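Summary of the model geometry
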Amino acid sequence: MSEEPAYVYQLQNGKKLTAPEFVIYFEQKVFKTIRKFNLFELDDKLVIALSGGKDSITALYLTHKFLSKKNLQHNIKALLIDEGIDGYRPATIKFAEQFTKNLGVELHIESYKNNYGKTLDSSVNLLKEKGKNISPCNICGTFRRNALNVGARKLEATKVVTGHNIDDESQNILLNIFKNNFKILARLGPFNGVVENELFVPRVKPLYLCTEKEVRLYTILKGFDVGYDECPYSRGSFRDELSEIVNKLEDEHKGVKNSIINFFLEIQDSLKEKYIEDGSDSINYCTKCGEPSQRIVCNTCSMKDLVNNEN
Ligand code: SF4
């Protein structure tokens, strides 16, 4: 009697896949996403936003594989932003250093400490002592956007590649709906950078249609020795709550994440027309650092002042 093959994954249509079949399915899904949304041009200089976690490592590996077929893999560099999160980031940095070395990709590291004067841990502790109610992710997100954009520009990148997957994106969509952030919502999608400005480096997301579970399984099957720990600051955040809700819905009603993304892609043009292309969003420049900003002093400089003000 022939033995049933060892299946590792079941598609939504019920078809079961073995490990080699899943790897092919996953890679094809990523390559199709790159082609469908036209994420790369042949002359692009790409910088991968690398954290050393499973998503960004997979984005790096498959972008490298995609470009290697065209012999363009030398157009890739990696940029890691070290927030300064004790007990979490050092291990992923070590892994990122080893992985990029094996792949032959240059790795550059920028840190919050060097760029903004304090590690994330010190900033969080200081604001807590001062009784300021600002979430670590708020500080972190503000600095990361700036560090990635400025760091990518220094490396002369034409695009930044991020490891956002469908779980991140469906949470982002809901988060911005629940917070009434329609301008930010309009800028989401597999190809960010709808505000055209030479100082903004557009961002692209090759894992846009892959679930977190698929990325995890891929890294396991490929033998990538990534850590799966979550950032300690993610616990209890609004995003964390949303993640639990969406995962529960997905378990009970398969395809919910896809539906959220499809709905967003359907209405994105109307959102852009209403919230971005109406001219009310014109870009000014921060009077302190000169970066594009809608305020006189940009969010990064305001946050930097806040975390360095010891009084
Ligand atoms: S969970 Fe929050 S604090 Fe941690 S890396 Fe992400 S944005 Fe930064």
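Residues numbered from 1 in each chain as written. Predicted model: local features only at pLDDT ≥ 70, side-chain atom pairs only at ≥ 80, totals over all residues. Heavy atoms only, no water.

Secondary-structure assignment places Val246 in helix α10 (residues 238-252). What makes Val246 buried here is its relative accessible area of 3%. Spatially, the C-alpha atom of Val246 lies 29 Å from that of Asn146, the residues being 100 residues apart in sequence. The contact partners of Val246, leaving out residues within four places of it in the chain, are Ser170, Leu174, Lys257 and Ile260. (Helix = DSSP H or I, 4+ residues; strand = E, 2+ residues; numbered from the N terminus. Buried < 20%, exposed > 50% of the residue type's maximum accessible area, 1.4 Å probe, protein only. Contact = heavy atoms within 4.5 Å.)

Our next topic: the nonpolar core. For soluble globular proteins, the rule of thumb is that nonpolar side chains tend to be buried together. In terms of nonpolar packing, the biggest core is built from 57 residues, with Phe26, Phe40 and Tyr218 touching the most fellow members. The dominant element in this core, judged by the number of residues it contributes, is helix α2 (residues 54-68), at seven residues. Residues contacting Tyr218, with those up to four places away along its chain left out, are Phe22, Val23, Phe26, Glu27, Thr58, Tyr61, Leu62 and Phe224. Counting 24 residues, the second largest nonpolar core, distinct from the first, contains Val124, Cys140, Ala152 and Ala157. (Core = buried A, V, L, I, M, F, W, Y, C linked by side-chain atoms within 4.5 Å.)

Time to look at the pattern of salt bridges. For the coordinates displayed, the defined rule picks out 15 salt bridges. As a salt-bridge pair, Lys29 and Glu214 come within 3.0 Å of each other at their nearest N and O atoms. Of this pair, Lys29 sits in helix α1 (residues 19-36) while Glu214 sits in helix α9 (residues 212-222), and the two are 185 residues apart along the sequence. Among the ionic pairs, Asp305 bridges to Lys288, the shortest N-O distance being 2.8 Å. Of this pair, Asp305 sits in helix α12 (residues 299-308) while Lys288 sits in the loop between β9 (284-285) and β10 (292-293), placing them 17 residues apart in sequence. Overall, the relative accessible area of 51% leaves Lys288 in the exposed class. Bridged by salt links that share partners, the residues Lys54, Asp55, Glu212 and Arg216 form one connected network. (Salt bridge = Lys/Arg side-chain N within 4 Å of Asp/Glu carboxyl O.)

Okay, the environment of Asn258 next. Relative to the helices and strands, Asn258 is located in helix α11 (residues 256-275). Asn258 sits 211 residues away from Val47 along the chain, and the two C-alpha atoms are 27 Å apart. Sequence-distant contacts of Asn258, defined by excluding residues within four places in its chain, comprise Gln12 and Ile166.

On to the site of the ligand. Within the structure, the ligand sits among Glu83, Leu120, Cys137, Cys140, Arg144, Cys231, Tyr233 and Ser234. Sort the elements by how many residues they give to the shell around the ligand and helix α6 (residues 136-154) lands first, with three residues. Class assignment of the residues belonging to the shell around the ligand gives a composition of five nonpolar, one polar and two charged. (Near = heavy atom within 4 Å. Nonpolar A, V, L, I, M, F, W, Y, C, P; charged D, E, K, R; others polar.)

Turning our eyes to something else, we now look at the sheet that holds strand β8 (residues 203-204). Whenever strands of a sheet pair, they do so through backbone hydrogen bonds, lying parallel or antiparallel. With mixed pairing, six strands are arranged side by side in an open sheet as β5-β4-β3-β6-β8-β7. Both outer strands of the open sheet, β5 (106-111) and β7 (191-192), are each paired with one neighbouring strand and no more. Note: strand β4 (residues 76-82) against β5, six bridges, orientation parallel. The residue bridging Asp82 from the neighbouring strand is Ser111, located in β5. Packed on one face of the sheet, α2 meets β3 (46-49), β4 and β6 (159-161) and runs near 155° to β3. Running over the sheet, α6 touches β3, β4, β5, β6 and β8 and is turned about 145° from β4. (Pairing = 2+ DSSP bridges. Axes fitted to C-alpha atoms, helices over the stretch in contact; angles between N-to-C directions.)

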